[in-house]
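Inside the fold
In case you want the letters, here they are:
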Amino acid sequence: MKFTKLSLVAALAVSSAFAGGDIAPVEPTAAPVVEATSPWSFSGDAKLYYSTDDSLGDLFSQESAAGQAAISADIAYAFNSNWKVNMGLTGLATLGLDDSVVSGVWLLAAADVGSTMTSVGDALWIDTFNVTGTMFDGKATVVLGRQMLDTPLAFSETWNIAPNTFDAAVALVKPVDNVTLVAGYIYDGNGNGSRISTFDGNEGGFTHDDGYMPAITDNGAWTVAAVATIGDTTVQAWYYDVMDIADAVWAQVDANIAGFTLGAQYAWIGPKDVLEGAEDSSGFAVKAGYKMDALNLWAAYSSVDADGIVPIANTATMVGSIGWGAPSHELGGQSKLYTEAWWNYGYVGQAGADAFAIAADYKLDTYNFGAQYTSVANDNSDDLEVDELTLLAGTKVMGLDVQLAYIYADYGQDDSNTVQAYFTYNF
C-alpha cells in the first residue's frame, strides 16, 4: 500500500500525519538552525502482470493469456503537522502485449453504462483524493474523501493490478490506550469484480447517481466498530448498515501465544427493505497456526449456512445485483474469511459452503516460498465447489519485486492449470 492511500486499518496506527522539523545541533553561541522540511511527498509504483491458463487453449498461447501494465503516482501536501491532502492517479495499458502475446487484461475500465469494456483496458483515473487529519495529540484521526478501506465486509481488494477505492468519510478515536473506535460512511465505490468504473455514467461508479455497490440504492453504507488489543490478543466487532439493503455484523478474535496463532470469526447479514423477506446469512471460521523463525504454518475451517441469500464476502464488489437477489451460481466479491482461496475467490462465502485451507510460507534470505491448498464443498450446488493448490516463489531482482505463481484448480467437471508472473517497482 502506498503512502497516500491511507486505509482504515493503516489509520488505526496513525498517531500524527507528519513529524515536525528537526533542530540541528549547533554551538551554544550560534543561533539555532531549523532543518527545512518540504511539505510535499511523492511515491508510487509500476506493475506488469501476466497470467496464462489452459482453460481455452495451450499454456502461453495468446488466446489463453492476459497481461497488463499499471502505474500509480501519489502526491501529498502537508499543511502542518496535523493536516495533509493526498491525491493519487492510476493508469492502465497493455504496452502492445495484446498485439501478439495476450488477448485479455487483468482489469477492465468502462466509459459509460452498457458500453463495451475497452479492448485493451487503457484508462486513467483518480483513485485517491482525500484530506487526512489528526487531533487531540493523535487520539483522533479523520480521512475525508476518496480512499482505500480495509474493513471485514467492505474493503479494497489487492489481488488485482489496481485496487478498488471508495468515496468515504472515516473517523477513528482512541479513548484509551489499546482501544480504537471507528465510524465511517461509505457513499461510493469504483470496484465491481474485475471492472473499474472511472467516468461519468458508470453505474455504481464515482459519479453515478447510485452510490454504494451494488448500485441498487443511492444511500451508501454506515459502519461502526471497536478494535481492542489486550496483550497479544486483538478483538474487533463491526456493525454495518447497507442502507435499504441489509444490516450486517462481523466479530473476530486473533491471539498469538508462544508462537501459536489462534483466530475465530463470525459474520451475519440480515436483508431488509428492498430484500425484505429474504433469508439471513451467517457463517463462522476458525484458524490455528504456528510461526517458528522463517517458517509459518496455518490451517483454517469455515462454514456458511445453506439458506442465506447474501454471501459472506465483500459487499462492495459484488457484480451487479449478484449476491443481493435470488441465489446465483455466479460469484460475488472476495471474502475475509480465513479460508479464502489464493486465486479462485468467491466460493468460501457462498451459502452452503464448507471450506478448509492449509498453508505454509518460508523465507530464505531474499527469497520467499509459499503454498496454499483450499477445498470448498457446497450443500446447495456442485457448481460452487472448488479445490485449489497454489505454489508461490518470490524475490527482489534489480530493484523489482518478482513473484511467480502456479495454480491448479479442480471445479469438479473441469480443471485448469494457471501460471502467473508479477513484477512491481516501488518508487
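Note: the structure precedes this text.
In this report, we go over the structure that sits alongside the text. (Residues numbered from 1 in each chain as written. Predicted model: local features only at pLDDT ≥ 70, side-chain atom pairs only at ≥ 80, totals over all residues. Heavy atoms only, no water.)

So, the pattern of salt bridges
Tallied over the full model, the rule gives 6 salt bridges. Each member of the salt-bridge network shares a partner with another, and the members are Asp 241, Asp 247 and Lys 272. (Salt bridge = Lys/Arg side-chain N within 4 Å of Asp/Glu carboxyl O.)

Overview of the packing of aromatic side chains
Enumeration over the complete set of coordinates arrives at 17 aromatic pairs. Each ring, one from Phe 356 and one from Tyr 373, has its centre 6.0 Å from the other, and the planes form 55°; the classification is tilted. Of this pair, Phe 356 sits in strand E21 (residues 353-364) while Tyr 373 is found in strand E22 (residues 367-378), placing the two residues 17 residues apart along the sequence. Using a relative accessible area of 30% as the deciding quantity, one classes Tyr 373 as partly exposed. Joined through ring pairs, the aromatic side chains of Tyr 49, Trp 106, Trp 159, Trp 342, Trp 343, Tyr 345 and Tyr 422 make up one cluster. In this arrangement the basic side chain of Lys 287 is found over the ring face of Trp 298, its NZ or CZ atom lying 4.5 Å from the centre. The ring of Phe 155 is capped by Lys 336, whose NZ or CZ atom sits 4.6 Å from the centre of that ring. (Phe/Tyr/Trp six-rings, centres within 6.5 Å; stacked < 30°, edge-to-face > 60°. Helix = DSSP H or I, 4+ residues; strand = E, 2+ residues; numbered from the N terminus. Buried < 20%, exposed > 50% of the residue type's maximum accessible area, 1.4 Å probe, protein only. Lys NZ or Arg CZ within 6 Å of the ring centre and 35° of its normal.)

Some details on the nonpolar core
Counting 42 residues, the largest nonpolar core has Trp 238, Trp 250, Ile 312, Leu 337 and Val 376 as the members making the most contacts within it. Looking at this core, the elements with two or more residues in it are strand E11 (166-176), strand E12 (179-189), strand E15 (221-230), strand E16 (233-242), strand E17 (246-257), strand E18 (260-271), strand E20 (295-304) and E21. Look past the residues within four positions of Ile 312 in its chain and what remains in contact with it is Trp 250, Ala 267, Ile 269, Ser 281, Ser 282, Gly 283, Val 304, Ser 335, Leu 337 and Gly 349. The next biggest cluster of nonpolar side chains, apart from the first, holds 13 residues, and it includes Trp 106, Trp 125, Ala 162 and Leu 392. (Core = buried A, V, L, I, M, F, W, Y, C linked by side-chain atoms within 4.5 Å. Contact = heavy atoms within 4.5 Å.)

Side note on the pairing of strand E25 (residues 415-426)
Inspection of the sheet shows strand E3 (residues 40-53) paired to E25 by 9 bridges, in the antiparallel sense. In the strand pairing of E25, Tyr 49 is matched with Tyr 422. Where strand E24 (residues 400-410) meets E25, 10 bridges bridge the pair, whose relative direction is antiparallel. Bridged to Ala 409 within E25 is Ser 416. In textbook terms, the turn of a hairpin is the stretch between consecutive antiparallel strands, and for E24 and E25 this stretch comprises 4 residues, one of which, Gly 412, has a positive phi near 100°. (Pairing = 2+ DSSP bridges.)

Geometry only, nothing functional implied.
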